[in-house]
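Single-letter residue listing:
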Amino acid sequence: MSEFKDIQRLISLKKYETPGKDFVEDFLAQFHERQRSEMLRQSSLNLVWDRMAAYFYDLVTPKWVLATATASVALLVAWISLSPAKPAVDSTALVLVAAQTMPVTMQVQPALAVDSQLIREVEHDRKLEIDGILLSRHFESDEIMPSDSTEVVSLSGAAVPVSAELLPVSAFNR
Amino acid sequence: METADEPTKLRTSSAAEDRVLVDRAQDGDTRAFDDLVRKYTPKLYGMVYNMTSNREDTADLLQEIFAKAYRSVKRFQGKSSFYTWIYSISVNMTLNFLKKRGRYAKVSLDDVDSSIHHDPEFIKVTTSQKDTVREVNIHELQIRLNSAMMHLSEDHRTVVTLYDIQGLQHNEISKMLGVSEGTVRSRLFYAHRLLQTHLEDLVK
């Protein structure tokens, strides 16, 4: 038996404390009222939330679209304006370039990076070769075939006769 | 002090009735929940009142407790009895309320049921006897008991309320509070010792 049994019995007298016999039904009525208020409050809160969500949706969406479109246009304009200009290349040069094997250094470069200097040199060399062929035909007979060597061509591009010695007239009558 | 056969049978049949009401409440039957409110309001009121010693706070808190129980009843899985479940909710919410309220709160006393006059202990305390310090009336006794309870911490007041006033067993209290039975017993021992220092003159 507990040494505090007297104290426990004394404290147990508190079980006779009561709120009154009508308390339970009054309490239940208040509980129902509270439930109704809470349901109404939740409904109005949901309504407010839905309206706010719709308002902000209409407010925010056009701005985002506008901002995205503006940014895209700005990026496009910047890209166009900042990209380097392509040089004018005629069709003959393009054919010569295509006929010749492109050096490795040019192959790895981006498509838009046109090495105009190299093309010009190639063009110049071909032009000189053609001039040399035409000139050699002028100073030589038809039997003499133009050679591929560039010996007849001077680097300066000026036409140089194959020989300064005049050929006999009989050579021209064949 | 441990459970006898008769109270056990009563508790078992009560648990079965609760199960039926809870199932109906979970299906949306509000009248079934009303029946649960009617059944448990007196007991829970007593528990909360003895913790707070304020009838207005008790009524407000009880509304909160049943509102929470109503919102949570669909999640009640029946692992414990509805009785244990709702008591646990009540204890936790009351303790949280007391922590927010603070130590010094106004005491407002309930009425006392007239059947107290037939209680032997009450008669013993209020009847003049040669070894009693003095007589006390009901009102004074009520004030003294409430004042002594308010000197206990919330944890000690809880176990005294559940064990001495509500008549629950150690194992039931341990489940409700989520502590071991040993903890319940040690808290009770300390609480009784403290109460004795405040109420000694009434029991001599």
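This structure is a prediction, so every number in the text was calculated from the model and none was measured. (Residues numbered from 1 in each chain as written. Chains lettered and ligands numbered in written order. Predicted model: local features only at pLDDT ≥ 70, side-chain atom pairs only at ≥ 80, totals over all residues.)

**Looking at the overall build of chain B**
Scanning chain B from terminus to terminus reveals 9 helices and 1 strand. When each of the 204 residues of chain B is scored for burial, the buried share is 33%. (Helix = DSSP H or I, 4+ residues; strand = E, 2+ residues; numbered from the N terminus. Buried ≥ 20, exposed ≤ 12 C-beta atoms within 10 Å, placed from the backbone.)

**Notes on the overall build of chain A**
Scanning chain A for helices and strands turns up 5 helices and 1 strand. Along chain A, helices and strands appear, N-terminal first, in the series α-β-α-α-α-α. Residues counted as buried form 6% of the 174 residues belonging to chain A.

**Some points on the packing of helix α2 (residues 30-52) of chain B against helix α4 (residues 82-101) of chain B**
Residues and elements named next belong to chain B. Contact geometry for α2 and α4: axes closest at 10 Å, N-to-C directions at 25°. In terms of their interaxial angle, α2 and α4 are classed as roughly parallel. Pair α2 / α4 crosses with right-handed handedness. Across from Tyr40, Leu44, Met47, Val48, Met51 and Thr52 in α2, the residues of α4 making contact are Ile86, Ser90, Thr94 and Leu98. Grouping the constituent residues of the contact of α2 with α4 by class yields 7 nonpolar, 3 polar and no charged. (Axes fitted to C-alpha atoms, helices over the stretch in contact; angles between N-to-C directions. Parallel < 35°, antiparallel > 145°, perpendicular 65-115°, else oblique. Left-handed = near helix turned anticlockwise from the far one by under 90°. Contact = placed C-beta atoms within 7 Å. Nonpolar A, V, L, I, M, F, W, Y, C, P; charged D, E, K, R; others polar.)

**A few points about the interface of chain B and chain A**
Contact residues are listed per partner, giving 35 residues for chain B and 22 residues for chain A. For the side of chain B that touches chain A, the elements supplying multiple residues, two or more each, are α2, α3 (55-72), β1 (111-112), α5 (120-126), α7 (154-165) and α9 (181-203) of chain B. The element best represented in the side of chain B that touches chain A is α2 of chain B, accounting for 9 residues. The class makeup of the residues in the side of chain B that touches chain A is 19 nonpolar, 7 polar and 9 charged. Alignment of strand β1 (residues 17-18) of chain A against β1 of chain B, held across 2 bridges, turns out to be antiparallel. Following the sheet pairing, Thr18 of chain A is matched in β1 of chain B by Asp111 of chain B. (Pairing = 2+ DSSP bridges.)

**Thoughts on the confidence of the model for chain B**
Residues and elements named next belong to chain B. A residue-level look at chain B finds 88% of positions with pLDDT of 70 or above and a mean pLDDT of 86. Per-element confidence in chain B is highest for α7, whose mean pLDDT is 95, and lowest for α5, whose mean pLDDT is 79. Listed scores for the predicted complex are pTM 0.61 and ipTM 0.83. (pLDDT = per-residue confidence, 0-100.)

**Quick notes on α7 of chain B**
For α7 of chain B, a buried count of 10 out of 12 residues is recorded, marking the element as mostly surrounded by other parts of the structure. Considered for burial, the residues of α7 of chain B that qualify are His156, Arg157, Thr158, Val159, Val160, Thr161, Leu162, Tyr163, Asp164 and Ile165 of chain B. Those residues of α7 of chain B that are buried are in contact with α1 (5-12) of chain A together with α2, α4, α6 (138-150), α8 (170-177) and α9 of chain B. Looking one or two residues past α7 of chain B, Gly167 of chain B carries a phi angle of roughly 80°, positive in sign.

**So, the nonpolar core**
Of all hydrophobic cores here, the largest spans 49 residues; its most connected members are Ile11 of chain A together with Val48, Val159, Val160 and Ile173 of chain B. Setting aside anything within four residues of it in sequence, one finds Val48 of chain B in contact with Thr58, Leu61, Leu62, Ser90 and Thr94 of chain B. (Core = buried A, V, L, I, M, F, W, Y, C linked by C-beta atoms within 7 Å.)

**Remarks on the environment of Arg38 of chain B**
In this fold, Arg38 of chain B is placed in helix α2. Leaving out residues up to four positions away in the same chain, Arg38 of chain B has contacts with Val24 and Leu28 of chain A.

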